[in-house]
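Residues per chain are reported as follows:
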Amino acid sequence: MLPPRNDIRNDIETTTACPTCATAFTPTRRQRYRTPACRQAAWRARNPDQTPPPSIVVPPRTNRRDITVYQCPECDNRTLGKQWCHDCNRPCVRVDLGGLCPHCDQPITVRDITDQH
């Protein structure tokens, strides 16, 4: 007479419910979760203190034309970020990068500041 058959030992034919999504699936070997996404969701539920890495905030890029000082060859008028002279209605020549002077509010280049003795 043959010994009684134990179906619990036969892992191939059993179906199990996934502990994360509760969907029935056929495990392979010692598989516990239905998909890697379920396994990752269970790990995250067990370890809630994990915080994502801080995001790096990159400042918006400044347009080069906005920080360039232009000078009119006719009237020597300097403008910041404008390539055309309003007085002469002619194109201006690029001098250098710069900005507005905090005292007189006139366009000033970086070279003007660094060339002072």
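Keep in mind that what you see is a predicted model, and the values were worked out from it rather than measured.

(A) Inspection of unusual backbone geometry at higher detail. Positive phi outside glycine occurs at alanine 22, with the angle close to 60°. Mapped onto the fold, alanine 22 is located in the loop between β1 (16–17) and β2 (24–25). Accessibility expressed as a relative area gives 62% for alanine 22, which makes it exposed. Phi at asparagine 89 is positive, roughly 55°, even though this residue is not glycine. Residue class for asparagine 89 comes out exposed when judged on its relative accessible area of 60%.

(B) Spatial organisation of the pattern of salt bridges. Scanning the entire structure with this criterion turns up two salt bridges. Note that arginine 78 and aspartate 112 form a salt bridge whose closest N and O atoms lie 2.7 Å from each other. Here arginine 78 is found in strand β4 (residues 78–80), whereas its partner aspartate 112 is found in helix α2 (residues 110–114), with 34 residues between them in sequence. We classify arginine 78 as partly exposed; its relative accessible area is 25%.

The rules behind the values
Residues numbered from 1 in each chain as written. Predicted model: local features only at pLDDT ≥ 70, side-chain atom pairs only at ≥ 80, totals over all residues. Heavy atoms only, no water. Helix = DSSP H or I, 4+ residues; strand = E, 2+ residues; numbered from the N terminus. Buried < 20%, exposed > 50% of the residue type's maximum accessible area, 1.4 Å probe, protein only. Salt bridge = Lys/Arg side-chain N within 4 Å of Asp/Glu carboxyl O.

The values reported here are purely geometric and, on their own, carry no functional implication.
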